[in-house]
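# Working through the structure, step by step
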Amino acid sequence: MISGAGLVAILPLLLLAVTPVALMLISTIHRSHRMALGLTLLGLAASFGSLWIAADVAPQRVTALLTIDQYALVYFGMIIAATVAVAGLAYGYLEQHAVEKEEFYILLVTATLGAAVLAASSHFVSFFLGLEILSISLYALNAYIYSRKTALEAGIKYLVLAAASAAILLFGMALIYAAVGTMEFGHMAELMTETAGPNRTLLLPGLAMVITGMAFKLALVPFHMWTPDVYQGAPPPVAAFIATVSKGGIFALLLRYFYRLELHNYAPVVVVFTIIAIASMLGGNLLALLQPNVKRILAYSSIAHMGYVLVAFIASGMLAVEAVTFYLIAYFVTIIGAFGVVTVLSSREYDAESLEAYRGLFWRRPALAGVMTAMLLSLIGIPVTAGFIGKFYVVAAGASSSAWALIIILVISSSVGAFYYLRVIFALYAGTPEAAERSAEVAPRMAFGSSVLVVLTLLLVWLGVYPAPLLHVIRAALPG
Amino acid sequence: MILVWFIAILAVGGAACWVVARWSTAVCRWIALAATAADFVLSLALWIRNYPVNLLRQQYWLLQVNWTWFNDAGIHFHLAIDGLSLLLVVLTFFLGIVSVLASWTEIREGVGFFHLNLLWVLAGITGVFLAVDLFLFYFAWELMLIPMYFLIAIWGHERRVYAAVKFFLFTQLSGLLMLISILALYFIHHSATGVYSFEYSDLIGTSMPLHVAVWVMLGFFIAFAVKLPMVPVHTWLPDAHTEAPTAGSVILAGLLLKTGAYGLLRFVVPLFPTAAHWFSPVATILAVIGILYGAVLAFAQTDLKRLVAYTSVSHLGFVLLGIFVWNKLALEGALITIIAHGISTGALFVLVGALQERIHTREMDRTGGLWQTIPRLSGAAMFFVMASIGLPGLGDFVGEFLILLGTYKVSVGLTVAAAIGVLFSTLYGLKFIQRALHGSNNHHWELHDLFAREVVIIAPMILILLWLGLFPQPVLNTFTATMDKLQQTASQQQQAYEGGQQ
């Protein structure tokens, strides 16, 4: 039974669940894009606000499935805030397209609920439920502009691969359950150390398959194949959502799972993660090098960035959780900002994905180019942006546990990575002011998206210059 | 507070330039000039008021600003100045004025954004010279990269993209290696003392085994050696210098390279004296190779800007040699060379830039006989070439001579090899004069001689070089106290280490 305090603790989740239902009901009576957005934002704001109410009763175990602690609440906050930004960006984008607009928000908030469940989950059942709520909404979101072939391709590809990875994940869970006889993380930790004999042989393949399932969602090499196609085909706000909310939810779970089970004492698991991290850092950056498509560049860059996060994660010193969480927040702000610029630049016919669309942007729309530059510099990790503090933190986490080889690979691959970000930056500033004036274009109106970008840029700089208050919050939040 | 003002004036001035340029580019240029000039006057006043810069026994800094930034991690916004940074800051603002004036007619497109970048790169460089919290230092170190990248990539010449990206990647990679070293030092210091601190004066006594110290030092060393640049990591320099607009070249040669030298002086040797001592044979040999290689390659160039660029490799080789020899004479020589090279090479870039504005080429084949049409520009060019090849009586000579003297005490062989480098420098110097300035005016150039604005830039630079060449004592006096301090900390630590060994 759920106690009263338990109900208060899951209030953010309940509000997230109520919002799509309300949206659905209201849309049947009266369709209005503006109202749908308003209602979505209202629901998200209410859920965000309820985090403080939930924090009063945290930590709480709510049934065996969910653990609402400070850690889960921090991730809730990240996920909800990211969704707000994505919804804001999507509004202007959807206005351009002749599709039903209200359902987008229903799917979006449902996916957010799935990601939030992942962040709070401490049981295989809630893990799988959260994952599926998230994934199924994403299938539809990916293919939302269904008149485009690339969008359909993205949707189908994501559907097939995500379903396959979910199957693998499920198989892994079954094996672990067979070995230890529980699906609850805390219990599993105790039983795993005692397990011996043939059961132990089941445990390792089980763990490997669970890790594979998560790595698919995080788009880590060698499970990254779907990423560029999906990022390219999906509407840019959805791509931003996949890069942030979806991955954030999984990472929150991965961290909790890892810490509960004390898997860093498990040598084979650590080796596997080390290899995946190295492959992701190098692979992501090398594959992006000669890409002429900005969306694909961001896709490959997201692979590399997840590799960086893994470095902090593997280092697992006392700084690890802090570093991972901060890096993810910095990455959230940055990548939503970058996809935000793509969104704002996109028109009804094309998404702004070729480098050509960005050539000389600075001389035409300096503010937009400035935002894009800030985001790209943050991805490189240049000071005054959140990315700098993030990278600093990751390297510090690595150094504090003497993971020198990993850090050096991080450093080298991120320098390689600087190359393709610079290509985009150069395109932004190419050409001359005069040439740009001649081809001056009428900017499509995306007031809402633009204001989201302004907020993100301010946030980016604030986190880059004075992250202390945020770090204070993160530090208090260890996964239980 | 004056230290914060130094940076704030440039940063705000740059932003103001950008905003104002929409309405008037002239006002933008004047704002930039005013900002650099204001800083220059402030820094001169600071110098004169405190001359000669004496430091008390327990005192590291002449002036400082120390604000807490992230308390838990021991990160402070800590700016401080002593004799060494004071001289470099004065140089920064002086060359800042020069580069604003040098761009006055050269830059016609994107004027506002150009000056924004120009002033911000100066602000970043000032930050590097003043930061004594290693986190802040790294922050400023990375920050100065971006505006410089834009200066080259947007307003550069033919191969600007290639040059800018190469510059960026070299500095970025080496900077990250330094970040690893900074963090390693930070954690080593923490495990020894239990205190988290990025503070220079805290970290300076950190003791660690030699093999660890060598690795940590190398991270710093590579970052600074790339900036310096040291052979074989110099390859970004000829491209960046050649392709950058005039102001970019002046700042690169005059200031950015000096941040490398400054880093070696301020951090590498004092923080890791034992490791630096262990490493000094390698460093000094690479320095001498750089001196010779830079001079030979300079001689082989036909592009005037590229020629001047390679001379920097040679001159900075002297600086590296002086720093790793680490005795009084050599250090004084290194300091004078740092300043004199900044002025003389900066002036040469200004003149080549002025020439390019007039004849739209930098190829020596297209020049020749310029003396007949533009005697004042040619005369000035000859003066700075002479300075650059080490004519006695001018600044560069004093610096290189002192370095050679200091090196002689340590190794005769290195001194001889480095002295041959001086000989080579006459070759490229004379080639420059002969091919570009002398001869008959085959191409029938008829050009406008130096404008008043250009005279205003060049004349003070001539005077400074004469001053450094004839009476360098004020500069040396300013440096003495700091140098003693640096040497003292280094030797104390080394003794402690040797004491521990016995």
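Residues numbered from 1 in each chain as written. Chains lettered and ligands numbered in written order. Predicted model: local features only at pLDDT ≥ 70, side-chain atom pairs only at ≥ 80, totals over all residues.

A count of helices and strands for chain A gives 21 helices and two strands. Taken over C-alpha atoms, the radius of gyration comes to 22 Å for chain A, in line with the 23 Å a tight globule of 480 residues would show. When the backbone C-alpha atoms are referred to their principal axes, chain A occupies close to 75 × 55 × 40 Å. In chain A, of all internal contacts separated by at least 6 residues, the share reaching a separation of at least 24 is 80%. (Helix = DSSP H or I, 4+ residues; strand = E, 2+ residues; numbered from the N terminus. Rg over C-alpha atoms; globule rule 2.2 N^0.38 Å. Contact = placed C-beta atoms within 7 Å.)

On to the overall build of chain B. Within chain B, the secondary structure is distributed over 20 helices and two strands. Dimensions of chain B, computed from C-alpha atoms along their principal axes, come out at roughly 75 × 55 × 45 Å. Residue pairs in contact within chain B that sit at least 24 positions apart in sequence constitute 80% of those at least 6 positions apart.

Turning our eyes to something else, we now look at the pairing of strand β2 (residues 75–81) of chain B. Residue and element names in this part refer to chain B. For β2, a buried count of five out of seven residues is recorded, marking the element as mostly surrounded by other parts of the structure. In this structure, strand β1 (residues 63–70) lies alongside β2, joined through seven bridges in antiparallel fashion. Residue pairing for β2: L63 is matched across the bridge by I81. (Buried ≥ 20, exposed ≤ 12 C-beta atoms within 10 Å, placed from the backbone. Pairing = 2+ DSSP bridges.)

Interpretation of the predicted coordinates at a detailed level should be avoided for regions scoring low in pLDDT. Residue and element names in this part refer to chain B. Across chain B, pLDDT averages 88, with 99% of residues at or above 70. Across chain B, the element-wise mean pLDDT spans from 80 in helix α20 (residues 473–501) up to 93 in helix α4 (residues 111–130). Here the predicted complex carries an ipTM of 0.88, next to a pTM of 0.91. (pLDDT = per-residue confidence, 0-100.)

Residues and elements named next belong to chain A. Closest axis-to-axis distance for the helix α3 (residues 33–57)/helix α5 (residues 102–120) pair is 8 Å, and the angle between their directions is 15°. Comparing the axis directions of α3 and α5 gives the class roughly parallel. Handedness of the α3/α5 crossing: right-handed. Contacts from H33, A36, L37, T40 and G43 in α3 reach E102, Y105 and V109 in α5. In the contact of α3 with α5, the residues fall into four nonpolar, three polar and one charged. (Axes fitted to C-alpha atoms, helices over the stretch in contact; angles between N-to-C directions. Parallel < 35°, antiparallel > 145°, perpendicular 65-115°, else oblique. Left-handed = near helix turned anticlockwise from the far one by under 90°. Nonpolar A, V, L, I, M, F, W, Y, C, P; charged D, E, K, R; others polar.)

Another aspect to go through is the interface of chain B and chain A. Residue-level contacts link 23 residues of chain B with 21 residues of chain A. Elements supplying a minimum of two residues to the side of chain B that touches chain A: α5 (134–143), α6 (145–155) and α7 (160–193) of chain B. Considering every element that reaches the side of chain B that touches chain A, the biggest residue donor is α7(B), with 13 residues.

This paragraph deals with helix α9 (residues 210–227) of chain B. All names here are of chain B. For α9, built from 18 residues, the straight-helix expectation of 26 Å at 1.5 Å per residue is met to within 8% by its first-to-last C-alpha distance of 25 Å. Buried within α9 are the following residues: A213, V216, M217, G219, F220, F221, A223, F224, A225, V226 and K227. Packed against the buried residues of α9 are α7, α11 (246–271) and α12 (273–300). (Expected span 1.5 Å × (residues − 1).)

Cis geometry marks the peptide bond from V221(A) to P222(A), where omega comes out at 5°. Tracing the sequence through the fold places P222(A) in the loop between α9 (198–218) and α10 (226–233). Of note, the bond from L228(B) into P229(B) is cis; its omega dihedral lies within 30 degrees of zero at -10°. You can see P229(B) is positioned in the loop between α9 and α10 (236–243). Phi at E262(A) is positive, roughly 50°, even though this residue is not glycine. E262(A) sits in the exposed class, given 12 other C-beta atoms within 10 Å. A positive phi is found at W326(B), a non-glycine position, where the angle reads about 55°. Here W326(B) is to be found in the loop between α13 (304–325) and α14 (328–359).

Residues and elements named next belong to chain A. At a minimum axis separation of 10 Å, helix α14 (residues 320–345) and helix α21 (residues 468–475) run at an interaxial angle of 130°. Classed by the angle they form, the pair α14 and α21 counts as oblique. Remark: the crossing between α14 and α21 carries right-handed chirality. Residues E322, T325, F326 and I329 of α14 pack against L470, L471, I474 and R475 of α21.

A few words on helix α17 (residues 395–410) of chain B. All names here are of chain B. Spanning 16 residues, α17 covers 24 Å between terminal C-alpha atoms, matching the ideal 22 Å at 1.5 Å per step. Looking at α17, one finds that the buried residues are G395, D396, F397, V398, G399, E400, L402, I403, L404, G406 and T407. Check the buried side of α17 and you find it contacts α13, α14, α16 (375–388), α18 (412–437) and α19 (452–470).

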